[in-house]
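Structural characterization, general
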Amino acid sequence: MELPVLNAVAPVETYEDPLDLMDEIDELKRSKDAAILAHFYVDGDLQDIADYTGDSLKLARDATQVTNSTIVFCGVHFMGESAKILSPSKKVLMPDLQAGCSLAESCPADKLAAYQHELRAKGHDFQTVAYINTTAAVKALCDWTVTSGNAREIIDRVPADKEILFVPDQHLGRYLSSVTGRPMILWPGSCMVHEVFSVQDLLRAKRNNPGSIVMAHPECPANVLDVSDFIGGTEKMRKYVASIAEKRTFLVATEANMIHSLAKIAPQHEYIPVPGIMASTGETCACNRCPHMARNTLQKVRDCLRDGRPEIVWQPYFAQAQEVLQRSLLQ
Ligand code: SF4
C-alpha cells in the first residue's frame with residue numbers, strides 16, 4: 001500500500017476541552033472494546049490516556065498481548081502496520097493515516113529491491129537488516145528488522161560469513177557497526193528530527209549546565225554521539241535516568257516529547273531538550289518535535305474511535321513482512 005501524500009492540507013481542528021475529550025475517549029474505549037497504544041514521541045496527554053506506552057519494540061510486542069478487539073495506535077504509519085501484521089485479527093485504527101516518517105520514506109521498496117539486485121550482481125553475499133522505521137513493503141524485502149532496543153542482539157544473529165546491508169538510517173547503522181565490529185553497507189537515510197541537532201548548541205547547553213549528562217538517541221549523527229555521555233533508545237534512556245537516585249540535569253537529544261516519559265519515571269531530575277534555547281526567564285524551548293508524531297491529537301483519537309476509521313487494512317505483502325517481524329521481534 002502506498003503511503004498517503006504527506007503534504008496534503010489537514011483540516012483545522014476547532015478547540016475542545018482536553019478533559020472533556022479524555023472523558024469521551026474513555027467512554028468510547030469501553031463501548032468499542034479498544035486499547036490505546038502510544039509512542040513516547042506523541043504528546044504527553046496522549047501518553048497519559050494510553051493503555052500501553054513505549055518505544056517501537058515494546059509497542060510491537062504489546063500489540064500481540066492486547067485482548068481488546070481494536071487497537072488505536074498513536075504513532076506513525078509504519079508502527080500501525082507492524083501492529084496489524086503482528087495482530088492480524090485485530091482492527092488497527094490510527095488517529096491520522098498521514099503520520100509518516102522521514103526515515104521510512106527515505107527507503108522506498110522499489111529502490112531497495114533495485115539496490116539489492118545490483119549488490120548481488122556485483123557478487124555481494126549479504127543479509128538485509130532493516131530498522132523498524134520502514135514500510136511493510138520494505139520489511140518484506142529484508143531478512144531482519146531491528147529497533148534501537150534489540151539491534152545488537154539481532155546483528156549477532158546474522159551469520160559471520162554474510163555482509164550486512166543496513167537500511168534506512170545511516171547514523172544508527174554507523175553506530176551499530178562501531179559497537180558490534182560488523183562492517184555494514186549503509187543506506188543513506190536519516191531522521192529529520194535527529195538530524196537537526198546542532199553540536200554547537202549542545203556544547204553550549206553543556207557549558208551552561210555544568211555537571212549535566214548528555215543523553216542521545218543513536219539516530220543522531222556521529223558528531224552528536226561523539227560528545228554524548230549516554231547513547232541509547234528511548235526505553236534504555238528511561239532505565240538509565242531511573243537508575244540514578246540523586247538529582248541530575250540531563251540534556252536530552254531526541255524528540256522533545258520523550259521528556260514527558262522521563263519526568264514521569266524519574267521526576268527527581270531536570271531535563272533540558274537539545275537544542276535548548278534559553279529564554280530570559282531561564283526556561284528552555286525546543287524545535288525538535290516530529291511533525292508526523294504531532295499529527296496525533298486527542299480529537300483525532302476520539303474521532304477514529306467513534307468512526308472506526310482510518311484503519312490499517314491487511315495487504316498481500318504483509319505476509320512476508322510478518323515472517324520477518326516475528327523472527328526478529330518475538331523469537
Ligand atoms: S522522529 Fe524521526 S524516525 Fe521517529 S517518526 Fe519522526 S521522522 Fe520518523
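Whatever comes next refers back to the structure up there.
One structure accompanies this document, and this report is about it. (Residues numbered from 1 in each chain as written. Predicted model: local features only at pLDDT ≥ 70, side-chain atom pairs only at ≥ 80, totals over all residues. Heavy atoms only, no water.)

**Quick look at the pairing of strand β1 (residues 34–39)**
Counting buried positions over the six residues of β1 gives six, a clear majority of the element. The two faces of β1 match: Ala-34, Ile-36 and Ala-38 on one face and Ala-35, Leu-37 and His-39 on the other face are all buried. One ladder, built from five bridges, connects β1 with strand β3 (residues 70–74); its direction is parallel. Bridging from a neighbouring strand, Leu-37 pairs with Phe-73 of β3. As paired elements, β1 and strand β2 (residues 52–54) share three bridges and run parallel to each other. By the bridge assignment, Leu-37 is partnered in β2 with Tyr-52. (Buried < 20%, exposed > 50% of the residue type's maximum accessible area, 1.4 Å probe, protein only. Helix = DSSP H or I, 4+ residues; strand = E, 2+ residues; numbered from the N terminus. Pairing = 2+ DSSP bridges.)

**Some remarks on helix α6 (residues 109–121)**
Two residues of an α-helix separated by three or four positions point the same way, owing to the 3.6 residues in each turn. Between its first and last C-alpha atoms α6 spans 18 Å; for 13 residues at 1.5 Å apiece the expected length is 18 Å, and the two agree. Buried within α6 we find Leu-112, Gln-116 and Leu-119. All buried residues of α6 fall inside an arc of 65° around its axis, so they share one side. Residues Asp-110, Lys-111, His-117 and Ala-121 are exposed on α6 and point more than 90 degrees away from its buried face. Its buried side turned inward, α6 meets β5 (126–131), α7 (136–139), β7 (163–167) and β8 (184–186). Directly after α6, the chain includes Gly-123, whose backbone phi takes a positive value near 95°. (Expected span 1.5 Å × (residues − 1). Arc of directions from axis to C-beta. Contact = heavy atoms within 4.5 Å.)

**Details of the packing of helix α3 (residues 56–65) against helix α4 (residues 77–86)**
The geometry of α3 relative to α4 is characterised by a closest axis approach of 8 Å and an angle of 35° between their N-to-C directions. Along this stretch, α3 crosses α4, giving a crossing that reads as right-handed. Two secondary-structure elements touch here, α3 through Ser-56, Ala-60, Ala-63 and Thr-64 and α4 through Phe-78, Met-79, Ala-83 and Leu-86. (Axes fitted to C-alpha atoms, helices over the stretch in contact; angles between N-to-C directions. Left-handed = near helix turned anticlockwise from the far one by under 90°.)

**Digging into the nonpolar core**
Of all hydrophobic cores here, the largest spans 92 residues; its most connected members are Phe-166 and Val-301. Leave out the neighbours within four places in its chain, and Val-301 touches Ile-25, Ile-36, Leu-46, Ile-49, Val-72, Cys-74 and Pro-95. Listed in part, the 11 residues of the second largest apolar core include Phe-126, Val-138, Val-167 and Trp-187. (Core = buried A, V, L, I, M, F, W, Y, C linked by side-chain atoms within 4.5 Å.)

**A closer look at the sheet that holds β1**
Taken together, four strands build an open sheet; the order of strands is β2-β1-β3-β4 and the sheet is parallel. The outermost strands of the open sheet, each flanked by one partner alone, are β2 and β4 (91–93). Strand after strand, the sheet turns through a mean of 20° between neighbouring axes, direction not considered.

**Overview of the sheet that holds strand β6 (residues 144–146)**
On the basis of which strands lie adjacent, the open sheet formed by four strands has the order β6-β5-β7-β8 and parallel pairing. At either margin of the open sheet sits one strand with a lone partner, and together these are β6 and β8. Here the strands of the sheet are splayed against their neighbours by 30° on average, with no regard to which way each runs. Its contacts with the sheet place helix α9 (residues 170–180) against β5, β7 and β8, and it is angled at close to 170° to β8.

**Some words on the packing of aromatic side chains**
Summed over all chains, the structure comprises six aromatic pairs. Aromatic side chains Tyr-317 and Phe-318 sit 5.4 Å apart centroid to centroid with 80° between the ring planes, which places their arrangement in the edge-to-face category. Taken together, the aromatic side chains of Phe-230, Tyr-240, Phe-250 and Tyr-271 make up a single cluster linked through ring pairs. Looking at Arg-327, its charged tip hangs above the ring of Trp-144, at a distance of 5.5 Å from the centre. (Phe/Tyr/Trp six-rings, centres within 6.5 Å; stacked < 30°, edge-to-face > 60°. Lys NZ or Arg CZ within 6 Å of the ring centre and 35° of its normal.)

**Brief notes about the site of the ligand**
Cys-101, Ser-102, Asn-133, Cys-191 and Cys-290 are the nearest of the 13 residues found near the ligand. Of the pockets mapped on this structure, the ligand occupies the largest cavity. When grouped by side-chain class, the residues that make up the shell around the ligand number nine nonpolar, three polar and one charged. (Near = heavy atom within 4 Å. 1 Å grid on protein atoms, 1.4 Å probe; cavity = no way out; pocket = protein on both sides within 12 Å on 5 of 7 lines; lining within 4 Å. Sits in = over half its atoms within 2 Å of the grid points. Nonpolar A, V, L, I, M, F, W, Y, C, P; charged D, E, K, R; others polar.)

**Observations concerning the environment of Lys-29**
Within the secondary structure, Lys-29 is located in helix α1 (residues 18–31). Linking Lys-29 and Met-215, residues 186 residues apart in sequence, is a C-alpha distance of 36 Å. Residues within four places of Lys-29 in sequence aside, it is in contact with Ala-34, Ile-36, Ile-49, Asp-51 and Leu-305.

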